[in-house]
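# Summary of the model geometry
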Amino acid sequence: MALLIALGAAFALASAWYFQLVVGLAPCPLCLDQRLPYYAAVPIGLILALVGRTRPGVARWGLWILAALMAVDAGIAIYHAGVEWRFWEGPTTCTGTAPQVVTDIMAAIKTTRVPRCDEAAWRLFGISMAGWNALIALALAAIAVKGATARR
């Protein structure tokens, strides 16, 4: 189960980096926040996969940690999707509602491109990347809980 979670987290990160580096979709601040639990889940999952057979107690606790990480990620993703659908306000730093002090406005316009958190840059079947991330994180959390509660 831990290896499956590590692979799922690595897939989610690879997808995010693909959209950023190949497709050219710059991530907003909430997008970057959604990556953080995956960055932790990959090495934790790999370590648990290695020690899990010999130390089942450690593996069980580690799977609970992975479940919590994925639940946090799902929460961030659901929040982000809600911001995109205008269910609630997003952070003022990336929704365009906060005034910014600029001394040279022309230079700032030429050099600044801040991705907005309240605009979905890409959708598949009407679901944004944040929505897909929420589904992936919830599935990985469920796998972690199943592994943590499973009998040997």
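Just above, that's the structure.
Small disclaimer: the values here were computed from a predicted structure and weren't measured.

## Quick word on the overall build of the protein chain
Broken down by element type, the protein chain carries 5 helices and 2 strands. Element order for the protein chain, N to C, with α for helix and β for strand: α-α-α-α-β-β-α. Counting across all 152 residues of the protein chain, residues that qualify as buried make up 35%. Long-range contacts, defined as pairs at least 24 residues apart, comprise 73% of the intrachain contacts of the protein chain with a sequence gap of at least 6. Of the accessible surface of the protein chain, which amounts to about 9,300 Å², a share of 69% is contributed by carbon and sulfur atoms.

## Notes on helix α3 (residues 56-84)
The first and last C-alpha atoms of α3 sit 41 Å apart over 29 residues, in line with the 42 Å expected at 1.5 Å per residue. Positioned one or two residues after α3, R86 has a phi angle of 65°, which is positive.

## Observations regarding the nonpolar core
Formed by 20 residues in total, the largest nonpolar core has its most connected members in I5, Y38, L63, L66 and M70. Taken together, the elements giving at least two residues each to this core come down to α1 (2-23), α2 (29-51), α3 and α5 (129-149). Here this core gets 6 residues from one element, more than from any other, and that element is α3. Not counting residues within four places of it along the chain, the set of residues in contact with M70 comprises P37, Y38, A41, A137, L140 and A141.

## Notes on the side chain of D73
Along the chain, D73 turns up in helix α3. Buried charge without a salt bridge: D73, with R35 as the nearest opposite-charge side chain at an N-O distance of 9.1 Å. The contacts of D73, once residues within four sequence positions are left out, are Q34, R35, P37, Y38, N133 and A137.

## A short note on α2
Its 23 residues place the ends of α2 35 Å apart at the C-alpha level, agreeing with the 33 Å of an ideal helix rising 1.5 Å per residue. Listing the buried residues of α2 in full gives L30, Q34, R35, P37, Y38, A41, V42, G45 and L48.

## As for the state of the cysteines
For the coordinates displayed, the defined rule picks out 0 disulfides. Among the cysteines around C28, which has no disulfide bond, C31 carries the closest sulfur, lying 3.3 Å off. Taking the relative accessible area as the measure of exposure, C28 reaches 2% and is therefore buried. Exposure remark for C31: the relative accessible area of 26% places this residue in the partly exposed category.

## Concerning the packing of α2 against α3
At their nearest, the axes of α2 and α3 sit 9 Å apart, and the two run at 165° to each other. By the angle class used here, α2 and α3 are roughly antiparallel. The handedness of the crossing between α2 and α3 is left-handed. The residue makeup of the contact of α2 with α3, split by class, is 20 nonpolar, 4 polar and 3 charged.

## A look at the packing of aromatic side chains
Applying the stated rule across the entire model yields 1 aromatic pair. One Lys or Arg, R35, reaches over the ring of W17 and ends 5.0 Å from the middle of that ring.

## Examining the layout of surface pockets
With a probe scaled to a water molecule rolled over the atoms, the places where space remains empty come into view. In this structure, the largest pocket encloses a volume near 650 Å³. Taken together, 31 residues line the largest pocket, and the ones lying closest to its centre are A16, F19, C31, M129 and A130. Counting only elements with at least two residues in the lining of the largest pocket, the list comes to α1, α2, α3 and α5. With 7 residues, α1 is the single largest residue contributor to the lining of the largest pocket. Counted by class, the lining of the largest pocket contains 19 nonpolar, 7 polar and 5 charged residues. Considered as a void within the structure, the second largest pocket measures approximately 500 Å³ in volume. Around the second largest pocket, the lining comprises 15 residues; the ones closest to its centre are M1, G52, R53, A59 and L63. Per-element accounting of the lining of the second largest pocket gives the leading share, 4 residues, to α3. For the lining of the second largest pocket, the per-class residue count stands at 9 nonpolar, 2 polar and 4 charged.

So, how was this worked out
Throughout, residues of each chain are indexed from 1 in the direction in which the sequence is written. With the structure being a predicted model, the display of local features is reserved for residues of pLDDT at least 70 and the display and counting of side-chain atom pairs for 80 or more, all residues being used for whole-chain, interface and lining totals. With hydrogens and water excluded, all non-hydrogen atoms of the structure serve as input to the side-chain values. Strands here mean DSSP runs of E at least two residues long; helices mean DSSP runs of H or I at least four residues long; both are numbered from the N terminus. For every residue, the accessible area (1.4 Å probe, protein chains only) is compared with the maximum for its type, and the residue is labelled buried under 20%, exposed over 50%, or partly exposed between those bounds. Contacts between residues were defined by any pair of non-hydrogen atoms, one from each residue, lying within 4.5 Å. Areas reported as accessible are Shrake-Rupley estimates using a 1.4 Å probe. Residue values count occlusion only from the protein chains shown. In this scheme, a helix's expected span is set at 1.5 Å multiplied by one less than its residue total. Definition used in this section: a nonpolar core is a set of buried Ala, Val, Leu, Ile, Met, Phe, Trp, Tyr and Cys residues joined via side-chain atoms within 4.5 Å. Under this rule, positive means Lys or Arg and negative means Asp or Glu; His and the chain ends count for nothing. Salt bridge, as applied in this entry: a Lys or Arg side-chain nitrogen positioned within 4 Å of an Asp or Glu carboxyl oxygen. Two cysteine sulfur atoms make up a disulfide if the distance between them is within 2.5 Å. Helix axes are fitted only over the stretch in contact, all axes being lines through C-alpha atoms; the angle between N-to-C directions runs from 0 to 180 degrees. Here the word oblique covers every angle except those under 35 degrees (roughly parallel), over 145 (roughly antiparallel) and from 65 to 115 (roughly perpendicular). Crossing handedness follows the turn of the near helix against the far one: under a right angle anticlockwise gives a left-handed crossing, and clockwise gives a right-handed one. Under the convention adopted here, Pro, Cys and the residues Ala, Val, Leu, Ile, Met, Phe, Trp and Tyr are nonpolar, Asp, Glu, Lys and Arg are charged, and Gly plus all remaining residues are polar. Aromatic pairs are defined between Phe, Tyr and Trp rings, using the six-membered ring for Trp, whenever the two ring centres lie within 6.5 Å; interplanar angles under 30 degrees are classed as stacked, those over 60 as edge-to-face, and all others as tilted. A ring is scored as having a charge over it whenever the NZ atom of a lysine or the CZ atom of an arginine sits within 6 Å of its centre and within 35 degrees of its normal. A cavity, in this analysis, means grid points on a 1 Å lattice covering only the protein atoms where a 1.4 Å probe fits yet has no way out; a pocket is instead an open set bounded by protein on both sides within 12 Å along at least five of seven lines, and a residue lines either one if it has an atom within 4 Å of a point. Grid points are joined across faces, edges and corners, and a volume is the space filled by probe spheres set on the points.

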